[in-house]
Amino acid sequence: MAAFHDLEQVIKASIRQNGPMDVGSYMSLCLSHPEYGYYMKQDPFGKSGDFVTAPEVSQLFGEMLGAWCADIWMQMGAPERFMFLECGPGRGTLMADMMRSTRMAKGFHAAAELHLLEISPALKAKQKETLADYKVEWHAGLDTVPDDAPMIVIGNEFFDALPFRSFQKQSDGQWAERVVALEGGGEQAGLCFGLRPLGVEMEGYIPFHLKGAQAGSIFEAAPVRQNVMRQIAERIKSQNGAALFLDYGHAQSGLGDSFQALKGHKYVDVLKFCGDADLTSHVDFEGLVQGLDRLVDVRGAVEQGAFLCALGIEVRMQMLAQKISEQEAFALQKGLQRLIASDQMGALFKVVYMGALDGHRKIEPCGF
Ligand code: SAH
């Protein structure tokens with residue numbers, strides 16, 4: 001096999017051999033190629049990294065989610081053991097903040113068995129450091145997470161990192177799939193978007209009410225995300241428990257191209273910097289939970305700002321502000337605004353809940 005020096009070469013060689021690839025395959029390679037994938041190489045977070053997430057913005061975020069989890073656990077009847085699972089834990093900051101804020105919830109720490117779903121070796125190493133005080137198990141997939149106790153599942157900016165597929169309405173009235181192709185045939189050919197006829201297996205993913213959209217419209221569907229969500233719903237149904245996912249996206253399925261690449265806090269071309277930029281798309285929450293209300297109690301998606309305020313984040317901020325310097329309080333207030341203000345993360349980010357329905361105690365989740 002030829003030796004490749006970078007991911008762009010790998011992708012181009014694959015296109016030359018197998019033809020254009022769907023956007024999901026391209027995204028998977030860019031993020032998780034074993035050697036050159038974005039998440040396989042580096043720690044993408046923090047001020048010097050490519051993007052900043054809510055737990056990195058403010059400790060208040062994890063503290064509120066910790067309180068939310070403790071409340072769920074108590075409503076479940078304070079089971080002696082439960083799987084505390086975080087999907088895509090980044091630097092481990094959210095889990096550390098949740099654990100710190102639940103120290104006062106009697107019995108919670110003794111019952112919580114920490115499980116992290118993570119594919120990035122660099123981030124796993126970072127999580128080991130951040131969570132050095134706790135016993136933690138890592139998983140590459142849901143299958144190895146134990147199924148002999150209830151579970152509470154949390155994920156922040158997890159689903160946007162999983163692959164999606166993109167479709168475009170053509171002027172002949174047909175939908176086509178957007179693919180990544182080669183611009184021309186020469187050695188120097190760059191990557192470009194192309195279209196290919198829609199496979200029958202994908203037709204069902206375009207919602208009926210959007211099928212008549214005007215030519216040029218784009219619709220994004222994410223079977224991979226839906227499958228992961230369904231697996232979690234099935235676990236919650238059979239094991240008892242609840243799940244909470246926060247992400248940027250839209251509550252209802254809609255049209256639009258939300259494929260984006262972030263590098264050094266700037267948006268860049270999604271077809272450049274293969275493996276060196278973070279690739280995501282908005283989460284279609286309606287699509288994500290489609291059909292799952294037959295398995296579990298589904299709530300939301302609601303806006304993150306409203307959710308955090310319902311949990312009392314502003315009161316928590318005021319309590320903390322009394323114990324710190326004016327300067328620190330100012331920084332904390334700034335972080336809080338970033339999380340809840342509608343022109344910042346408060347409205348774009350949404351929160352969705354799934355909880356066990358029948359045969360168990362009914363849970364009434366706070367914030368919905
Ligand atoms: N929740 C963190 C990080 C969000 S970034 C925060 O809010 O700061 C996305 C996270 O999901 C990273 O930890 C990344 O390594 C992980 N991830 C991406 N794809 C994954 C996959 N297929 N399986 C498990 N984890 C994945």
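For the structure itself, consult the block above.
Here's a quick rundown of the structure. These numbers were taken from a predicted model, which means no experiment stands behind them.

### Notes on the overall build of the chain
Line of reasoning, step 1. Within the chain, the secondary structure is distributed over 14 helices and 16 strands.
Line of reasoning, step 2. Computed over C-alpha atoms, the radius of gyration of the chain comes to 21 Å, within 12% of the 21 Å expected from 2.2 N^0.38 for 368 residues, which places it in the range of a compact globule.
Line of reasoning, step 3. With respect to the principal axes defined by its C-alpha atoms, the chain has extents near 65 × 45 × 40 Å.
Line of reasoning, step 4. Burial status across the chain gives 54% buried among its 368 residues.

### Some remarks on the sheet that holds strand β11 (residues 260–263)
Line of reasoning, step 1. Sheet architecture is open: three strands sit in the order β12-β11-β13, paired in antiparallel fashion. Looking at the sheet topology across the chains shown, the edges are occupied by β12 (266–268) and β13 (278–280). Direction aside, the axes of adjacent strands within the sheet are offset by 40 degrees on average.
Line of reasoning, step 2. Across three bridges, the pairing between β11 and β12 is antiparallel. When the sheet's bridge partners are listed, A261 is paired in β12 with V268.

### Quick word on the site of the ligand
Line of reasoning, step 1. Near the ligand, the surroundings consist of 17 residues, among which T53, G88, G90, E118 and N156 are the closest.
Line of reasoning, step 2. Here T53 contributes a side-chain N or O atom positioned 2.5 Å from an oxygen atom of the ligand.
Line of reasoning, step 3. In the model, an oxygen atom of the ligand is placed 3.0 Å from a nitrogen or oxygen of the G90 main chain.

### Quick look at the packing of helix α5 (residues 59–75) against helix α13 (residues 313–321)
Line of reasoning, step 1. One can describe the packing of α5 onto α13 by two numbers: an axis separation of 10 Å at closest approach and a directional angle of 120 degrees. Taken together, the axes of α5 and α13 lie oblique to each other. For the element pair α5 and α13, the recorded crossing hand is right-handed. Of the residues in α13, those touching α5 at Q59, L60, E63 and M64 are I313, R316, M317 and L320.
Line of reasoning, step 2. Taken together, the residues that form the contact of α5 with α13 break down as five nonpolar, one polar and two charged.

### Observations regarding α13
For an α-helix, 3.6 residues make a turn, and residues three or four places apart therefore share a direction.
Line of reasoning, step 1. Taken together, the buried positions of α13 are I313, M317 and L320. Within α13, the buried residues cover an arc of 65 degrees as seen down the axis, which keeps them to one side. Among the exposed residues of α13, those oriented more than 90 degrees off its buried face are V315 and Q318.
Line of reasoning, step 2. On the buried face of α13, the contacting elements are α5, α12 (304–310) and α14 (326–340).

### Focus on the pairing of strand β6 (residues 165–169)
Line of reasoning, step 1. Burial analysis of β6 places five of its five residues in the buried class, the great majority of the element.
Line of reasoning, step 2. A two-sided burial pattern is seen for β6, the buried positions comprising R165, F167 and K169 on one face and S166 and Q168 on the other.
Line of reasoning, step 3. Where β6 meets strand β9 (residues 218–221), four bridges bridge the pair, whose relative direction is antiparallel. Residue pairing in the sheet places Q168 in a bridge with I218 of β9.
Line of reasoning, step 4. Where β6 and strand β7 (residues 175–182) come together, three bridges link them in antiparallel fashion. Each residue of the ladder has a partner; that of F167, found in β7, is E177.
Line of reasoning, step 5. The turn linking β6 back onto β7 is made up of five residues, and G173 within it adopts a positive phi angle of 90 degrees.

### Points about the pattern of salt bridges
Line of reasoning, step 1. On inspection of all chains with the given rule, the structure shows 14 salt bridges.
Line of reasoning, step 2. The closest approach of N and O atoms between E63 and R316, which form a salt bridge, is 2.8 Å. In this pair, E63 sits in helix α5 while R316 sits in helix α13, placing the two residues 253 residues apart along the sequence.

### Let's talk about the packing of α5 against helix α6 (residues 93–101)
Line of reasoning, step 1. Contact pair α5 / α6: the axes reach a minimum separation of 7 Å and the direction vectors enclose 55 degrees. Between α5 and α6, the angle falls in the class oblique. Regarding α5 and α6, the two cross each other, and that crossing is right-handed. The residues of α6 that touch α5, namely those facing Q59, F61, G62, E63, L65, G66, A67 and C69, are L94, D97, M98, R100 and S101.

### Let's talk about the pairing of β11
Line of reasoning, step 1. Looking at chain direction, β11 and β13 are connected through three bridges and run antiparallel. The residue bridging L262 from the neighbouring strand is D278, located in β13.
Line of reasoning, step 2. Linking β11 back to β12 in an antiparallel pair, the connection comprises two residues, with G264 at a positive phi of about 55 degrees.

Rules used in this analysis
- Residues numbered from 1 in each chain as written.
- Predicted model: local features only at pLDDT ≥ 70, side-chain atom pairs only at ≥ 80, totals over all residues.
- Heavy atoms only, no water.
- Helix = DSSP H or I, 4+ residues; strand = E, 2+ residues; numbered from the N terminus.
- Rg over C-alpha atoms; globule rule 2.2 N^0.38 Å.
- Buried < 20%, exposed > 50% of the residue type's maximum accessible area, 1.4 Å probe, protein only.
- Pairing = 2+ DSSP bridges.
- Axes fitted to C-alpha atoms, helices over the stretch in contact; angles between N-to-C directions.
- Near = heavy atom within 4 Å.
- Polar contact = N/O pair within 3.5 Å; in protein donor to acceptor, adjacent residues only side chain to side chain.
- Parallel < 35°, antiparallel > 145°, perpendicular 65-115°, else oblique.
- Left-handed = near helix turned anticlockwise from the far one by under 90°.
- Contact = heavy atoms within 4.5 Å.
- Nonpolar A, V, L, I, M, F, W, Y, C, P; charged D, E, K, R; others polar.
- Arc of directions from axis to C-beta.
- Salt bridge = Lys/Arg side-chain N within 4 Å of Asp/Glu carboxyl O.

Note that every value here comes from positions in space, so none of it alone points to a role or purpose.
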